[in-house]
Amino acid sequence: MLLACLAVPAFAGTKYLAGSPNLTAYIAGANQYTAGSDIQIPVVIKNTGINTNYEVAPNIVDLADVPTTAKFVTVAMGAGDAPVVIKSDPQMIGDIASQAQQTVTFSAKVNADAAGGTYYLPLNISYTQFSNVDQYGLDTFRYYYVPGNVTITAPLVIKSEVIPEVVSATSGQLVAGANGYVNLTIANIGSLDGAKATVEILQDDDSPVSPVDSSVYIGAFPAGSTVSCQYKVSVAKDAENKTYPIDVVVMYQNDEGDFVPSQTQVVGVDVGNKVSFAIQSPPVEMSPGSKRTIQVEYQNTGDSTVYSAEARISVVDPFTSSSDIAYLGDLAPGQSAVASYQISVASDATIKEYGLDSEIRYNDALDDTYISDPMKISIDVKNLSGIQGIVSNPVYISLIVAVIIGIIYTLIHARRKR
(Lines give C-alpha, C1' and ligand atoms only; values in the text may rest on other atoms or scores of the structure.)
Protein backbone atom coordinates (compact mmCIF):
# COMPACT_ATOMS: atom_id res chain seq x y z
CA MET A 1 0.00 0.00 0.00
CA LEU A 2 1.36 3.33 -1.03
CA LEU A 3 0.71 6.33 1.21
CA ALA A 4 1.12 9.68 -0.46
CA CYS A 5 1.57 12.88 1.49
CA LEU A 6 0.84 16.16 -0.26
CA ALA A 7 2.62 19.20 1.10
CA VAL A 8 0.40 22.28 1.22
CA PRO A 9 2.48 25.47 1.12
CA ALA A 10 1.85 27.95 3.88
CA PHE A 11 0.46 31.42 2.92
CA ALA A 12 3.27 34.03 2.63
CA GLY A 13 2.66 37.65 3.67
CA THR A 14 4.70 40.86 3.98
CA LYS A 15 5.62 42.60 7.18
CA TYR A 16 7.00 46.13 6.86
CA LEU A 17 9.68 46.97 9.37
CA ALA A 18 10.12 50.66 8.57
CA GLY A 19 9.19 53.39 6.07
CA SER A 20 7.33 56.65 5.76
CA PRO A 21 5.77 58.92 3.12
CA ASN A 22 8.09 61.27 1.20
CA LEU A 23 5.99 64.11 -0.21
CA THR A 24 7.11 66.51 -2.97
CA ALA A 25 5.18 69.16 -4.88
CA TYR A 26 5.28 71.17 -8.08
CA ILE A 27 2.91 73.44 -9.99
CA ALA A 28 1.51 71.81 -13.11
CA GLY A 29 1.34 73.48 -16.50
CA ALA A 30 3.19 76.55 -17.78
CA ASN A 31 3.52 77.96 -14.25
CA GLN A 32 3.94 81.56 -15.46
CA TYR A 33 1.52 84.25 -14.35
CA THR A 34 1.10 87.97 -14.98
CA ALA A 35 0.80 90.76 -12.46
CA GLY A 36 -2.73 91.77 -11.50
CA SER A 37 -4.33 88.52 -12.69
CA ASP A 38 -6.72 86.17 -10.92
CA ILE A 39 -5.15 82.72 -11.19
CA GLN A 40 -5.73 79.05 -10.50
CA ILE A 41 -2.64 77.22 -9.20
CA PRO A 42 -2.76 73.42 -9.84
CA VAL A 43 -0.34 71.77 -7.38
CA VAL A 44 0.69 68.15 -7.83
CA ILE A 45 1.48 66.37 -4.51
CA LYS A 46 3.54 63.23 -5.13
CA ASN A 47 4.50 60.51 -2.65
CA THR A 48 7.95 59.09 -3.49
CA GLY A 49 8.31 57.11 -0.26
CA ILE A 50 9.68 53.54 -0.69
CA ASN A 51 9.40 50.58 1.67
CA THR A 52 12.99 49.33 1.95
CA ASN A 53 12.75 47.25 5.15
CA TYR A 54 10.21 44.47 5.09
CA GLU A 55 9.93 40.73 5.77
CA VAL A 56 8.16 38.15 3.66
CA ALA A 57 7.38 34.92 5.46
CA PRO A 58 4.73 32.25 5.81
CA ASN A 59 1.86 32.85 8.15
CA ILE A 60 2.27 36.66 7.95
CA VAL A 61 -1.00 38.44 7.24
CA ASP A 62 -0.81 41.39 4.80
CA LEU A 63 -1.83 44.55 6.60
CA ALA A 64 -4.50 46.92 5.41
CA ASP A 65 -2.11 49.90 5.57
CA VAL A 66 1.61 50.36 4.98
CA PRO A 67 3.95 52.97 6.50
CA THR A 68 4.62 54.77 3.24
CA THR A 69 1.00 55.71 2.59
CA ALA A 70 0.03 59.27 3.55
CA LYS A 71 -3.55 59.04 4.76
CA PHE A 72 -6.18 61.79 5.14
CA VAL A 73 -3.93 64.36 3.50
CA THR A 74 -4.75 68.06 4.00
CA VAL A 75 -2.86 70.76 2.06
CA ALA A 76 -2.70 74.46 2.98
CA MET A 77 -1.00 77.00 0.70
CA GLY A 78 0.65 80.18 1.95
CA ALA A 79 1.98 83.22 0.06
CA GLY A 80 5.42 83.33 1.64
CA ASP A 81 7.31 86.25 0.08
CA ALA A 82 5.45 85.95 -3.22
CA PRO A 83 3.37 89.01 -4.24
CA VAL A 84 0.13 87.03 -4.28
CA VAL A 85 -2.98 86.68 -2.14
CA ILE A 86 -4.10 83.08 -1.57
CA LYS A 87 -7.89 82.86 -1.59
CA SER A 88 -8.44 79.13 -1.00
CA ASP A 89 -8.76 77.47 2.41
CA PRO A 90 -6.83 74.27 3.28
CA GLN A 91 -8.07 71.34 1.18
CA MET A 92 -8.45 67.63 1.96
CA ILE A 93 -7.32 65.33 -0.86
CA GLY A 94 -7.58 61.83 0.70
CA ASP A 95 -4.83 59.16 0.70
CA ILE A 96 -1.63 59.17 -1.37
CA ALA A 97 0.02 55.75 -1.65
CA SER A 98 3.68 55.22 -2.44
CA GLN A 99 4.51 56.36 -6.02
CA ALA A 100 1.06 57.90 -6.40
CA GLN A 101 0.08 61.56 -6.71
CA GLN A 102 -2.89 63.88 -6.26
CA THR A 103 -3.60 67.31 -7.79
CA VAL A 104 -5.11 70.12 -5.71
CA THR A 105 -5.98 73.57 -7.11
CA PHE A 106 -5.77 76.87 -5.22
CA SER A 107 -7.26 80.24 -6.22
CA ALA A 108 -5.06 83.31 -5.88
CA LYS A 109 -4.66 86.94 -6.97
CA VAL A 110 -1.32 88.29 -8.18
CA ASN A 111 -0.64 91.82 -6.95
CA ALA A 112 -1.00 94.49 -9.63
CA ASP A 113 2.56 95.73 -9.07
CA ALA A 114 4.16 92.28 -8.72
CA ALA A 115 7.78 92.21 -9.85
CA GLY A 116 8.79 89.43 -12.20
CA GLY A 117 10.77 86.49 -10.87
CA THR A 118 10.53 83.04 -9.30
CA TYR A 119 8.87 82.77 -5.90
CA TYR A 120 8.33 79.79 -3.62
CA LEU A 121 4.92 79.14 -2.14
CA PRO A 122 4.94 77.23 1.17
CA LEU A 123 2.71 74.17 1.30
CA ASN A 124 1.86 72.80 4.73
CA ILE A 125 0.83 69.16 4.35
CA SER A 126 -0.64 67.25 7.27
CA TYR A 127 -1.44 63.54 7.10
CA THR A 128 -1.75 60.33 9.12
CA GLN A 129 0.80 57.48 8.86
CA PHE A 130 0.56 53.81 9.83
CA SER A 131 2.97 53.01 12.70
CA ASN A 132 2.56 49.44 13.91
CA VAL A 133 0.04 46.70 14.67
CA ASP A 134 -0.64 44.39 17.59
CA GLN A 135 -2.07 40.94 16.93
CA TYR A 136 -4.41 39.24 19.37
CA GLY A 137 -4.97 35.58 18.60
CA LEU A 138 -5.23 34.39 15.06
CA ASP A 139 -7.47 36.99 13.56
CA THR A 140 -7.61 40.07 15.74
CA PHE A 141 -5.36 43.07 14.99
CA ARG A 142 -5.00 46.55 16.43
CA TYR A 143 -3.49 49.21 14.17
CA TYR A 144 -1.60 52.27 15.46
CA TYR A 145 -1.22 55.53 13.55
CA VAL A 146 0.80 58.68 14.12
CA PRO A 147 0.26 62.18 12.72
CA GLY A 148 2.67 63.56 10.17
CA ASN A 149 3.34 67.08 9.03
CA VAL A 150 5.71 68.54 6.46
CA THR A 151 6.19 71.96 4.89
CA ILE A 152 7.52 72.05 1.36
CA THR A 153 7.63 74.73 -1.33
CA ALA A 154 6.38 74.95 -4.88
CA PRO A 155 8.01 77.40 -7.32
CA LEU A 156 5.78 80.09 -8.86
CA VAL A 157 6.98 82.22 -11.80
CA ILE A 158 5.67 85.76 -12.36
CA LYS A 159 6.48 87.25 -15.74
CA SER A 160 8.60 90.39 -15.92
CA GLU A 161 6.57 93.03 -17.75
CA VAL A 162 5.82 96.69 -18.14
CA ILE A 163 3.08 97.69 -15.70
CA PRO A 164 1.68 101.21 -16.34
CA GLU A 165 0.29 103.27 -13.51
CA VAL A 166 -1.45 106.58 -14.21
CA VAL A 167 0.07 109.05 -11.76
CA SER A 168 -2.11 111.98 -12.81
CA ALA A 169 -4.79 112.82 -15.37
CA THR A 170 -5.95 116.36 -16.16
CA SER A 171 -8.45 117.47 -18.77
CA GLY A 172 -8.47 121.27 -18.57
CA GLN A 173 -11.63 122.79 -20.03
CA LEU A 174 -13.05 119.56 -21.40
CA VAL A 175 -16.79 120.03 -21.95
CA ALA A 176 -19.66 118.17 -23.55
CA GLY A 177 -20.05 118.57 -27.29
CA ALA A 178 -16.49 119.76 -27.92
CA ASN A 179 -12.90 118.66 -28.38
CA GLY A 180 -10.20 119.03 -25.76
CA TYR A 181 -6.95 117.64 -24.41
CA VAL A 182 -6.26 115.00 -21.78
CA ASN A 183 -2.82 115.10 -20.14
CA LEU A 184 -1.52 111.89 -18.57
CA THR A 185 1.53 111.19 -16.43
CA ILE A 186 2.32 107.47 -16.50
CA ALA A 187 4.87 105.46 -14.50
CA ASN A 188 6.26 102.00 -15.26
CA ILE A 189 5.91 100.19 -11.92
CA GLY A 190 6.78 96.83 -13.49
CA SER A 191 10.15 95.06 -13.44
CA LEU A 192 10.81 95.09 -17.19
CA ASP A 193 12.42 97.80 -19.30
CA GLY A 194 10.07 98.19 -22.24
CA ALA A 195 11.49 99.07 -25.66
CA LYS A 196 9.88 100.93 -28.59
CA ALA A 197 6.88 101.69 -26.39
CA THR A 198 3.70 103.47 -27.41
CA VAL A 199 1.14 104.73 -24.90
CA GLU A 200 -2.42 104.43 -26.20
CA ILE A 201 -5.79 105.59 -24.91
CA LEU A 202 -9.02 103.81 -25.81
CA GLN A 203 -12.70 104.56 -25.36
CA ASP A 204 -14.01 102.71 -22.30
CA ASP A 205 -17.20 100.86 -23.30
CA ASP A 206 -19.92 103.49 -23.88
CA SER A 207 -18.05 106.42 -22.32
CA PRO A 208 -18.81 109.71 -24.16
CA VAL A 209 -15.08 110.51 -24.18
CA SER A 210 -13.38 109.12 -27.29
CA PRO A 211 -9.84 109.73 -28.58
CA VAL A 212 -9.12 111.82 -31.66
CA ASP A 213 -5.36 111.24 -31.34
CA SER A 214 -5.07 107.85 -29.63
CA SER A 215 -1.34 107.09 -29.34
CA VAL A 216 1.95 108.68 -28.33
CA TYR A 217 5.28 107.02 -29.11
CA ILE A 218 7.67 107.23 -26.14
CA GLY A 219 10.42 104.78 -27.13
CA ALA A 220 12.29 103.28 -24.18
CA PHE A 221 10.18 102.87 -21.05
CA PRO A 222 12.51 101.63 -18.28
CA ALA A 223 11.19 100.19 -15.03
CA GLY A 224 10.64 102.99 -12.51
CA SER A 225 10.52 105.74 -15.15
CA THR A 226 7.73 108.28 -15.76
CA VAL A 227 6.47 109.86 -18.98
CA SER A 228 3.94 112.59 -19.81
CA CYS A 229 1.61 112.35 -22.80
CA GLN A 230 -1.10 114.57 -24.26
CA TYR A 231 -4.09 113.35 -26.27
CA LYS A 232 -6.82 115.15 -28.16
CA VAL A 233 -10.26 113.77 -27.35
CA SER A 234 -13.84 114.40 -28.35
CA VAL A 235 -16.78 114.51 -25.95
CA ALA A 236 -20.32 113.61 -26.99
CA LYS A 237 -23.00 116.29 -26.78
CA ASP A 238 -25.07 114.35 -24.25
CA ALA A 239 -22.22 114.05 -21.72
CA GLU A 240 -22.96 115.27 -18.20
CA ASN A 241 -20.93 117.23 -15.71
CA LYS A 242 -19.01 114.35 -14.13
CA THR A 243 -15.96 112.10 -14.39
CA TYR A 244 -15.78 109.56 -17.22
CA PRO A 245 -13.34 106.65 -17.73
CA ILE A 246 -10.76 106.17 -20.45
CA ASP A 247 -8.55 103.09 -20.92
CA VAL A 248 -4.76 103.36 -21.01
CA VAL A 249 -2.50 100.63 -22.41
CA VAL A 250 1.20 100.48 -23.30
CA MET A 251 2.34 98.52 -26.35
CA TYR A 252 6.02 97.59 -26.01
CA GLN A 253 8.74 95.19 -27.11
CA ASN A 254 9.72 92.62 -24.50
CA ASP A 255 13.00 90.74 -23.97
CA GLU A 256 12.04 88.14 -26.58
CA GLY A 257 11.56 90.83 -29.21
CA ASP A 258 7.78 90.43 -29.29
CA PHE A 259 5.43 93.41 -29.20
CA VAL A 260 2.93 92.86 -26.39
CA PRO A 261 0.27 95.00 -24.70
CA SER A 262 0.44 95.86 -21.03
CA GLN A 263 -2.39 95.51 -18.58
CA THR A 264 -5.16 98.02 -19.26
CA GLN A 265 -5.44 100.83 -16.74
CA VAL A 266 -8.67 102.80 -16.34
CA VAL A 267 -8.47 106.46 -15.36
CA GLY A 268 -11.16 109.10 -14.90
CA VAL A 269 -11.23 112.47 -16.66
CA ASP A 270 -13.45 115.38 -15.66
CA VAL A 271 -16.01 116.68 -18.15
CA GLY A 272 -17.91 119.93 -17.69
CA ASN A 273 -21.37 120.89 -18.88
CA LYS A 274 -21.94 121.78 -22.49
CA VAL A 275 -21.28 125.43 -23.42
CA SER A 276 -24.61 127.23 -23.09
CA PHE A 277 -26.00 130.76 -23.11
CA ALA A 278 -29.12 132.44 -21.82
CA ILE A 279 -30.82 135.74 -22.59
CA GLN A 280 -31.17 137.72 -19.37
CA SER A 281 -32.82 140.91 -20.71
CA PRO A 282 -36.63 141.38 -20.48
CA PRO A 283 -38.92 141.26 -23.56
CA VAL A 284 -38.69 144.23 -25.88
CA GLU A 285 -41.82 146.34 -26.47
CA MET A 286 -42.44 147.92 -29.88
CA SER A 287 -45.43 149.26 -31.78
CA PRO A 288 -46.42 148.66 -35.43
CA GLY A 289 -44.45 150.90 -37.78
CA SER A 290 -41.78 151.66 -35.18
CA LYS A 291 -38.00 151.39 -35.37
CA ARG A 292 -35.55 151.22 -32.51
CA THR A 293 -32.23 149.90 -31.28
CA ILE A 294 -32.84 147.06 -28.88
CA GLN A 295 -30.41 145.86 -26.19
CA VAL A 296 -30.09 142.10 -25.59
CA GLU A 297 -28.03 140.74 -22.67
CA TYR A 298 -26.41 137.34 -23.16
CA GLN A 299 -24.92 135.32 -20.31
CA ASN A 300 -22.44 132.43 -20.51
CA THR A 301 -24.18 129.77 -18.38
CA GLY A 302 -21.66 127.00 -19.16
CA ASP A 303 -18.56 125.82 -17.30
CA SER A 304 -15.86 127.12 -19.64
CA THR A 305 -14.69 130.39 -21.15
CA VAL A 306 -15.64 131.17 -24.74
CA TYR A 307 -13.57 133.39 -26.99
CA SER A 308 -14.40 135.93 -29.71
CA ALA A 309 -18.11 135.43 -29.20
CA GLU A 310 -20.40 136.99 -31.80
CA ALA A 311 -24.18 137.20 -31.44
CA ARG A 312 -26.58 137.09 -34.37
CA ILE A 313 -30.31 137.72 -34.65
CA SER A 314 -32.53 136.22 -37.37
CA VAL A 315 -35.40 138.51 -38.31
CA VAL A 316 -38.53 137.41 -40.12
CA ASP A 317 -41.65 139.20 -41.29
CA PRO A 318 -42.94 141.59 -39.93
CA PHE A 319 -39.43 142.60 -38.72
CA THR A 320 -36.42 143.90 -40.58
CA SER A 321 -32.97 144.80 -39.34
CA SER A 322 -30.13 146.92 -40.61
CA SER A 323 -27.67 145.43 -38.08
CA ASP A 324 -28.14 141.79 -37.08
CA ILE A 325 -24.64 140.91 -35.78
CA ALA A 326 -23.01 142.10 -32.56
CA TYR A 327 -19.55 141.33 -31.16
CA LEU A 328 -19.53 140.15 -27.53
CA GLY A 329 -15.85 139.24 -27.04
CA ASP A 330 -14.56 136.71 -24.49
CA LEU A 331 -17.03 135.48 -21.88
CA ALA A 332 -15.99 133.59 -18.76
CA PRO A 333 -18.51 131.30 -17.02
CA GLY A 334 -21.28 133.46 -15.57
CA GLN A 335 -20.16 136.58 -17.45
CA SER A 336 -22.62 138.65 -19.54
CA ALA A 337 -22.39 141.00 -22.50
CA VAL A 338 -24.93 143.24 -24.23
CA ALA A 339 -25.61 143.23 -27.98
CA SER A 340 -27.37 146.06 -29.85
CA TYR A 341 -29.59 145.48 -32.87
CA GLN A 342 -31.57 147.94 -35.01
CA ILE A 343 -35.04 146.49 -35.48
CA SER A 344 -38.00 147.81 -37.51
CA VAL A 345 -41.59 146.60 -37.27
CA ALA A 346 -43.95 146.77 -40.26
CA SER A 347 -46.88 149.12 -39.84
CA ASP A 348 -49.35 146.32 -40.50
CA ALA A 349 -47.80 143.97 -37.91
CA THR A 350 -50.23 141.91 -35.88
CA ILE A 351 -50.46 142.86 -32.22
CA LYS A 352 -48.87 139.96 -30.34
CA GLU A 353 -45.61 138.70 -28.82
CA TYR A 354 -42.99 137.42 -31.26
CA GLY A 355 -39.87 135.32 -30.75
CA LEU A 356 -36.84 136.00 -32.94
CA ASP A 357 -34.12 133.38 -33.14
CA SER A 358 -30.66 134.30 -31.92
CA GLU A 359 -27.43 132.31 -31.69
CA ILE A 360 -23.83 132.85 -30.69
CA ARG A 361 -20.80 131.90 -32.71
CA TYR A 362 -17.70 131.38 -30.55
CA ASN A 363 -14.27 129.75 -30.30
CA ASP A 364 -13.10 127.40 -27.56
CA ALA A 365 -9.66 127.14 -25.94
CA LEU A 366 -8.43 125.08 -28.92
CA ASP A 367 -9.60 127.82 -31.31
CA ASP A 368 -12.25 125.50 -32.73
CA THR A 369 -15.42 127.30 -33.83
CA TYR A 370 -18.90 126.36 -32.61
CA ILE A 371 -22.41 127.74 -32.84
CA SER A 372 -24.67 127.70 -29.80
CA ASP A 373 -28.19 126.32 -29.60
CA PRO A 374 -30.76 128.89 -30.76
CA MET A 375 -32.35 131.24 -28.23
CA LYS A 376 -35.50 133.34 -28.44
CA ILE A 377 -35.54 137.13 -28.19
CA SER A 378 -39.06 138.14 -27.16
CA ILE A 379 -40.53 141.21 -28.86
CA ASP A 380 -43.99 142.29 -27.74
CA VAL A 381 -45.71 144.26 -30.49
CA LYS A 382 -48.48 146.40 -29.01
CA ASN A 383 -50.21 149.75 -29.44
CA LEU A 384 -48.07 151.99 -27.25
CA SER A 385 -49.60 155.22 -25.92
CA GLY A 386 -48.17 158.45 -24.58
CA ILE A 387 -44.50 159.27 -24.70
CA GLN A 388 -43.51 155.61 -25.09
CA GLY A 389 -45.62 155.29 -28.24
CA ILE A 390 -44.32 158.51 -29.67
CA VAL A 391 -40.69 157.67 -29.00
CA SER A 392 -41.02 154.22 -30.55
CA ASN A 393 -42.81 155.46 -33.71
CA PRO A 394 -40.48 156.90 -36.39
CA VAL A 395 -43.36 158.93 -37.99
CA TYR A 396 -44.00 160.76 -34.76
CA ILE A 397 -40.30 161.27 -34.24
CA SER A 398 -39.97 162.73 -37.77
CA LEU A 399 -42.86 165.16 -37.13
CA ILE A 400 -41.39 166.22 -33.80
CA VAL A 401 -37.99 166.80 -35.41
CA ALA A 402 -39.62 168.82 -38.20
CA VAL A 403 -41.53 170.94 -35.68
CA ILE A 404 -38.38 171.59 -33.65
CA ILE A 405 -36.43 172.55 -36.78
CA GLY A 406 -39.29 174.89 -37.79
CA ILE A 407 -39.30 176.57 -34.39
CA ILE A 408 -35.52 177.02 -34.46
CA TYR A 409 -35.71 178.46 -38.00
CA THR A 410 -38.47 180.91 -36.99
CA LEU A 411 -36.50 182.12 -33.98
CA ILE A 412 -33.35 182.66 -35.99
CA HIS A 413 -35.26 184.47 -38.74
CA ALA A 414 -37.00 186.72 -36.20
CA ARG A 415 -33.68 187.73 -34.65
CA ARG A 416 -32.23 188.68 -38.03
CA LYS A 417 -35.19 191.06 -38.71
CA ARG A 418 -34.38 192.93 -35.57
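Every value quoted in this text rests on a predicted model; they were computed, and no experiment measured them. (Residues numbered from 1 in each chain as written. Predicted model: local features only at pLDDT ≥ 70, side-chain atom pairs only at ≥ 80, totals over all residues. Heavy atoms only, no water.)

Summing up its helical and strand segments, the protein has two helices and 30 strands in all. Going through the 418 residues of the protein one by one, you find that 38% of them count as buried. Taking all contacts inside the protein whose residues are at least 6 apart in sequence as the whole, residues at least 24 apart take part in 69%. (Helix = DSSP H or I, 4+ residues; strand = E, 2+ residues; numbered from the N terminus. Buried < 20%, exposed > 50% of the residue type's maximum accessible area, 1.4 Å probe, protein only. Contact = heavy atoms within 4.5 Å.)

Applying the stated criterion across every chain, the model contains four aromatic pairs. Arranged with centres 5.9 Å apart and planes meeting at 25 degrees, the rings of Tyr-362 and Tyr-370 form a pair that is stacked. Using a relative accessible area of 18% as the deciding quantity, one classes Tyr-370 as buried. Here a set of aromatic residues connected by ring pairs shows up, and it is made of Phe-277, Tyr-362 and Tyr-370. (Phe/Tyr/Trp six-rings, centres within 6.5 Å; stacked < 30°, edge-to-face > 60°.)

Another aspect to go through is the pairing of strand 17 (residues 226–235). As paired elements, strand 13 (residues 179–188) and strand 17 share nine bridges and run antiparallel to each other. Residue Leu-184 lies in a different strand from strand 17, and its bridge partner there is Cys-229. (Pairing = 2+ DSSP bridges.)

Moving on, we come to the sheet that holds strand 7 (residues 84–86). The strands making up a sheet are joined through hydrogen bonds of the backbone, oriented either antiparallel or parallel. Spatially, the four strands line up as an open sheet ordered 2-4-9-7, and their pairing is antiparallel. Of all strands in the sheet, those bounded by a partner on one side alone are strand 2 (23–27) and strand 7. Across the sheet, the axes of successive neighbouring strands diverge by a mean angle of 35 degrees, strand direction being ignored. As paired strands, strand 4 (residues 38–47) and strand 9 (residues 101–110) are joined by nine bridges and run antiparallel to one another. Bridging across to strand 9, Ile-45 finds its partner in Gln-102. (Axes fitted to C-alpha atoms, helices over the stretch in contact; angles between N-to-C directions.)

What follows covers the sheet that holds strand 21 (residues 277–279). Within the open sheet, the four strands sit side by side as 21-23-27-25. Their pairing is antiparallel. Each edge of the open sheet carries a strand with a single partner, namely strand 21 and strand 25 (319–323). For this sheet, the mean angle separating the axes of adjacent strands, direction not counted, is 40 degrees. Note: strand 25 against strand 27 (residues 336–345), four bridges, orientation antiparallel.

With that settled, consider unusual backbone geometry. In terms of backbone geometry, most residues other than glycine have negative phi values and most peptide bonds are trans. Following Asp-317, the chain continues into Pro-318 via a peptide bond in cis, with omega recorded as 20 degrees. Its location among the elements puts Pro-318 in the loop between strand 24 (306–314) and strand 25. Despite not being glycine, Phe-72 has its phi angle at roughly 55 degrees, a positive value. Tracing the chain through its elements places Phe-72 in strand 6 (residues 70–77). A positive phi angle, close to 70 degrees, is found at Gln-99, a residue other than glycine.

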